[in-house]
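Working through the structure, step by step
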2 protein chains.
Amino acid sequence: MSPVTKKASNPSQLVVRIKLGGDAVFGPGKAELLESIDRLGSLSAAARAMRISYRQAWMLLDTMNQAFRGPLVETSQGGPGGGGAALTRLGKRILVCYRTLQRKAAESTHDDLAALLRLRATGLQPGLRKRPGSQRLRDHGSSG
Amino acid sequence: MSPVTKKASNPSQLVVRIKLGGDAVFGPGKAELLESIDRLGSLSAAARAMRISYRQAWMLLDTMNQAFRGPLVETSQGGPGGGGAALTRLGKRILVCYRTLQRKAAESTHDDLAALLRLRATGLQPGLRKRPGSQRLRDHGSSG
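Residues numbered from 1 in each chain as written. Chains lettered and ligands numbered in written order. Predicted model: local features only at pLDDT ≥ 70, side-chain atom pairs only at ≥ 80, totals over all residues. Heavy atoms only, no water.

1. Digging into the relation of the copies chain A and chain B
For clarity, the threshold we go by: We superpose the copies by least squares over the C-alpha atoms of residues that have a pLDDT of at least 70 in both of them. For this analysis, residues touch if any pair of their heavy atoms sits within 4.5 Å.
Superposition of chain A onto chain B requires a rotation of 180° combined with a translation of 0.0 Å along the rotation axis, giving an RMSD of 0.0 Å. The transformation relating the two chain copies, once decomposed into turn and shift, fits a two-fold axis. In this assembly the copies share their binding face: 100% of the residues contributing to the interface of chain A also contribute to that of chain B.

Right, here's the structure in full:
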């Protein structure tokens, strides 16, 4: 199987979101923010890593903290590094839970996702299941 | 298990979308539109059923027809009923594929979704896993 063919069922093409009630939703963006905060220990560093504004990061965080009982992230002000941020125990649990859920969803739907993406790439062409070159090549073929 | 408790792991709280490349995405809205067209045989009737404007429905459809090779819906103009719409064979295949994928994702993540929603409803409260009345009651409790 070539890297290009493998690319057709890249699990990152499956996006999983959880409706939390009201307008609140937990999905890949919020999970990435939690992960970045956990890794970098700061909200502004997490925002930079995600290429979003500090304000956007703060608003994502605020939505999360409001949607759950108890904050998912605790921030400390001041100090030599200008304050920091860390996941609470609840924040860590939520993140682990979401990542597990996302992995299981991707695993269980792998074949159907590949089938759907194949339908997209080649349409309904009986007897012509593989068409080399029918998909756009990407430079980062080895990342699949 | 009460209807309210069951509600906490309602699979419809899991939203699954497929990135098709570029900005194109296939998710619950487009799937519902295809289903409504299949059921009602008309784009305007489908739009009414979904409580969206005809223009919105048309744009969803246009995005889909452009994202896939070949249209997912064929429309016929004129006639006594003012024209109709029907899924193409490709449209039917895409819809079945998405619904299968959605069902498998929901099945495989059922327990993790319940755990996440429980964390949302009750936070981290060791020894207090069930708190009757801690979730907002809904009028349509029997629909879960």
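2. Considering the nonpolar core
As a reminder of what qualifies: Among buried residues, those of type Ala, Val, Leu, Ile, Met, Phe, Trp, Tyr and Cys that are joined through side-chain atoms within 4.5 Å constitute a nonpolar core. Whether a residue is buried, partly exposed or exposed follows from its accessible area with a 1.4 Å probe, protein chains only, as a fraction of its type maximum: under 20%, in between, or over 50%, in that order.
Within the largest apolar cluster, 70 residues are counted, with the highest numbers of intra-cluster contacts made by Ile18 and Phe26 of chain A together with Ile18 and Phe26 of chain B. Non-local contacts of Ile18 of chain A, meaning those with residues more than four positions away in its chain, are made with Ala24, Val25, Phe26, Tyr98 and Leu101 of chain A together with Gln13, Leu14, Leu113, Leu116 and Leu117 of chain B.

3. Things to note about the environment of Trp58 of chain A
Residues and elements named next belong to chain A. We apply this condition: Elements are defined by DSSP. Helices are runs of H or I of four residues or more, strands are runs of E of two residues or more, and each kind is numbered from the N terminus.
Within the fold, Trp58 resides in helix α4 (residues 54–67). Here Trp58 falls in the partly exposed class, since its relative accessible area comes to 44%. Taking the C-alpha atoms as reference points, Trp58 and Ala47, 11 residues apart in sequence, are found 8.6 Å from one another.

4. Topic: the sheet that holds strand β2 (residues 24–26) of chain B
Applied cut-off: Strands were regarded as paired on the criterion that DSSP finds at least two bridges between them. To obtain each axis, a line is fitted to C-alpha atoms, and for helices this fit is confined to the stretch in contact; angles are then taken between N-to-C directions over 0 to 180 degrees.
The 4 strands lie next to each other as β2(A)-β1(A)-β1(B)-β2(B), forming an open sheet whose pairing is antiparallel. Each end of this open sheet is capped by a strand with a single partner; those strands are β2 (24–26) of chain A together with β2 of chain B. Strand after strand, the sheet turns through a mean of 35° between neighbouring axes, direction not considered. Across 5 bridges, the pairing between strand β1 (residues 14–21) of chain A and strand β1 (residues 14–21) of chain B is antiparallel. Bridge pairing in β1 of chain B places Ile18 of chain A opposite Leu14 of chain B. Most of the contacts of helix α6 (residues 110–122) of chain B go to β1 of chain A, to which it runs at about 40°, and overall it touches β1 of chain A together with β1 of chain B.

5. With respect to the interface of chain A and chain B
Filter applied, for reference: Buried area is understood as the total, over both parts, of accessible area removed when two parts are fitted together, assessed with a 1.4 Å probe. When a carboxyl oxygen of Asp or Glu lies within 4 Å of a side-chain nitrogen of Lys or Arg, that pair is called a salt bridge.
Counting from both sides, the interface comprises 37 residues of chain A and, opposite them, 37 residues of chain B. When the two sides are added together, the surface that chain A and chain B hide from each other amounts to roughly 3,700 Å², 64% of it contributed by carbon and sulfur. If you sort the residues of chain A by the area they bury against chain B, Arg69, Leu116 and Arg120 of chain A come out on top, with a joint share of 18%. Linking chain A to chain B there are 2 salt bridges. Note that Asp112 of chain B and Lys104 of chain A form a salt bridge whose closest N and O atoms lie 2.8 Å from each other.

6. Overview of the confidence of the model for chain A
Residues and elements named next belong to chain A. Inclusion rule: Residue-level confidence of the predictor is summarised by pLDDT, bounded by 0 at the bottom and 100 at the top.
Put simply, chain A has an average pLDDT of 81, and 75% of its residues get 70 or more. Per-residue pLDDT stays below 50 along residues 1–9; that stretch engages in 18 contacts with residues further than four places along the chain or on separate chains. Low pLDDT, under 50, characterises residues 127–144; the stretch is placed with 19 contacts to residues that sit more than four places away or in other chains.

7. Things to note about the packing of helix α2 (residues 28–40) of chain A against α4 of chain A
All names here are of chain A. The criterion, for reference: Roughly parallel here means an angle under 35 degrees, roughly antiparallel means over 145, roughly perpendicular means 65 to 115, and every remaining angle is called oblique. For this classification, Asp, Glu, Lys and Arg are treated as charged, while Ala, Val, Leu, Ile, Met, Phe, Trp, Tyr, Cys and Pro are nonpolar and the rest, including Gly, are polar.
As a packed pair, α2 and α4 sit with axes 10 Å apart at the nearest point and diverge in direction by 105°. By the criterion of interaxial angle, the relationship of α2 to α4 is roughly perpendicular. For the pair α2 and α4, contact is made by Lys30, Leu33, Leu34 and Ile37 and by Ala57, Leu60, Leu61, Thr63 and Met64, respectively. Tallied by class, the residues present in the contact of α2 with α4 amount to 7 nonpolar, 1 polar and 1 charged.

8. So, the pattern of salt bridges
One pass over the full model with this rule turns up 6 salt bridges over all chains. Among the ionic pairs, Arg99 of chain A bridges to Glu35 of chain A, the shortest N-O distance being 2.7 Å. Here Arg99 of chain A, found in helix α5 (residues 89–108), pairs with Glu35 of chain A, found in helix α2; they are 64 residues apart in sequence, far enough to count as distant. What makes Arg99 of chain A partly exposed here is its relative accessible area of 26%. By relative accessible area, which is 32% here, Glu35 of chain A ends up partly exposed. Of the charged contacts, one joins Arg103 of chain B and Glu107 of chain B as a salt bridge, the two residues approaching to 3.6 Å between their closest N and O atoms. Here Glu107 of chain B and Arg103 of chain B lie together in helix α5 (residues 89–108), a separation of 4 residues that amounts to about one turn. You can call Arg103 of chain B partly exposed: its relative accessible area is 43%. The class for Glu107 of chain B is exposed, based on a relative accessible area of 52%.

9. So, a nonpolar patch on the surface
Cut-off, in case you're wondering: Nonpolar side chains (Val, Leu, Ile, Met, Phe, Trp, Tyr) are joined into patches within 5 Å and like charges within 9 Å, using only residues with over 30% relative accessible area and no salt bridge. Computed with a 1.4 Å probe, the accessible areas rest on the Shrake-Rupley method; for each residue, only the protein chains presented here act as cover.
On the surface, a nonpolar cluster with roughly 340 Å² of combined accessible area is contributed by Tyr54, Trp58 and Met59 of chain A. One can find Tyr54 of chain A in helix α4.

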